[in-house]
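Close look at the chain arrangement
Listed here are the chains, written in short residue letters.
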Amino acid sequence: WDKGPVFPANVTLTFNGEPTDQAAFYADEKLWGSSYPYGMTVYDVTDAFSTGGNTAVLANAYPGGGNVSVRGMLLAVVYDDGVTAPHTILMNEGFDLLYGGAAQSTTPEQATAYAPFTLDAAKATGARLVTVAPGAGPTEGDLLFNDRTWTDVWNYTGTTQIGLDDRDVTPYLVGENVAAFRSDADWMEAAAAFLIVEYPVPTGSIAITSTPEGAAVWLDGEETGFATNCLLTNVPAGDHVVTLKRDGYADASTPVTVAEGETAVVHLGLTTATGSLTVTST
């Protein structure tokens, strides 16, 4: 809510002490009566992000401070933990100031903002929709996704006035998807929608042989229950470590890369605990 003019030219952001350029700015205004712009400023803070904690400082550089109300700030982080199944994360951002009701001579259908998403849904195993709606508290606004509607879904995040909703939309997922923010006789804003789609873990196999035979097999530090020589199936594609253990022998380990739908072959040789350790892999 900006009586400024403050946004976007008269604000600066530092993130963990580093000056950060604006990546995008979106705004909307009703343009009648006491009309002031509402909007959203976006910053890419990837380079300054810290896993140990972060601080953002937004400064108003307009002489005298202008007159501006900031609902809050939201930090969105996308990361790979190396364990979770593959995901496709789609983001649709923008800004619409919405009011659908007779008091403003509009209808909820007219006061609807749309966020389309196109994806390959054939192999998807799950989907979450995260929506960001400033001004939309727990009694304001409806969320639509394809042919499903939920009412009064958004809750403020902490002490901010940023409405946030996170829900499972797996049963409603198709190739051409549309999420929609709808006002039903209330003021609210549509700012961003994230569609997070999960896909199956790609798998392959590891064929293991050892000298001598009969050692216990470990994969990434976990005992598999198999003894060599053996075939480990349904191994997630990626980098792994195979370890053989047998009493009276030194443990033998080797890294191995598994490709989707293929079999990697590992040859490991164990020696007595007093001898030398040799490891080979192909």
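Remember, predicted model here, so these are calculated numbers, not experimental data.

1. Points about unusual backbone geometry
In this model, Thr211 is joined to Pro212 through a cis peptide bond whose omega is -5°. You can see Pro212 is positioned in the loop between strand E15 (203-211) and strand E16 (216-219). The peptide bond linking Thr228 to Asn229 adopts the cis configuration, its omega dihedral lying at 0°. Looking at the secondary structure, you find Asn229 in the loop between strand E17 (222-227) and strand E18 (230-236). For Asp152, which is not a glycine, the phi torsion comes out positive at approximately 50°. Along the chain, Asp152 turns up in the loop between strand E10 (148-151) and strand E11 (155-156). With a phi angle near 65°, Ala185 is a residue other than glycine that sits in the positive phi range. Given the relative accessible area of 47%, Ala185 is considered partly exposed.

2. Quick notes on the nonpolar core
Counting residues in each nonpolar core, the largest one holds 25 residues, and the members touching the most others are Leu129, Phe145, Trp154, Phe181 and Leu195. Counting only elements with at least two residues in this core, the list comes to strand E7 (112-118), strand E8 (126-134), strand E9 (142-145), strand E13 (176-182) and strand E14 (187-198). No other element matches E14, which puts five residues into this core. Aside from chain neighbours lying at most four places away, what touches Leu129 is Phe117, Leu143, Phe145, Asp165, Asp166, Arg167, Val169, Ala179, Ala193, Phe194 and Leu195. Formed by 17 residues, the second largest nonpolar core is a distinct cluster that contains Ile206, Leu219, Val258 and Val266.

3. Examining the side chain of Ser210
Mapped onto the fold, Ser210 is located in strand E15. The class for Ser210 is buried, based on a relative accessible area of 7%. Of the polar contacts made by the side chain of Ser210, one reaches the backbone oxygen of Pro212; its length is 2.8 Å. With sequence-adjacent residues up to four places away left out, Ser210 is seen in contact with Thr228, Asn229, Leu244, Leu268 and Leu270.

4. A closer look at the pattern of salt bridges
Scanning the model with the defined rule gives three salt bridges in all. Arg128 is paired through a salt bridge with Asp166; the nearest N and O atoms lie 2.7 Å apart. Of the two residues, Arg128 sits in strand E8 while Asp166 sits in strand E12 (residues 162-168), which places them 38 residues apart along the sequence. Residue class for Arg128 comes out partly exposed when judged on its relative accessible area of 37%. Of the residues examined, Asp166 reaches a relative accessible area of 44% and is grouped as partly exposed.

5. Thoughts on the confidence of the model for the protein
Within the protein, residue pLDDT values average 90, and 96% of them lie at 70 or more. Per-element confidence in the protein ranges from a low mean pLDDT of 50 for strand E22 (residues 278-279) to a high of 97 for E13.

6. Some words on the environment of Thr228
By secondary structure assignment, the location of Thr228 is in the loop between E17 and E18. With a relative accessible area of 7%, Thr228 lands in the buried category. Placed 21 residues apart in sequence, Thr228 and Ala207 show a C-alpha to C-alpha distance of 9.2 Å. Leaving out residues up to four positions away in the same chain, Thr228 has contacts with Ile208, Ser210, Glu213, Gly214, Ala215, Val217 and Leu244.

About the thresholds
Residues numbered from 1 in each chain as written. Predicted model: local features only at pLDDT ≥ 70, side-chain atom pairs only at ≥ 80, totals over all residues. Heavy atoms only, no water. Helix = DSSP H or I, 4+ residues; strand = E, 2+ residues; numbered from the N terminus. Buried < 20%, exposed > 50% of the residue type's maximum accessible area, 1.4 Å probe, protein only. Core = buried A, V, L, I, M, F, W, Y, C linked by side-chain atoms within 4.5 Å. Contact = heavy atoms within 4.5 Å. Polar contact = N/O pair within 3.5 Å; in protein donor to acceptor, adjacent residues only side chain to side chain. Salt bridge = Lys/Arg side-chain N within 4 Å of Asp/Glu carboxyl O. pLDDT = per-residue confidence, 0-100.

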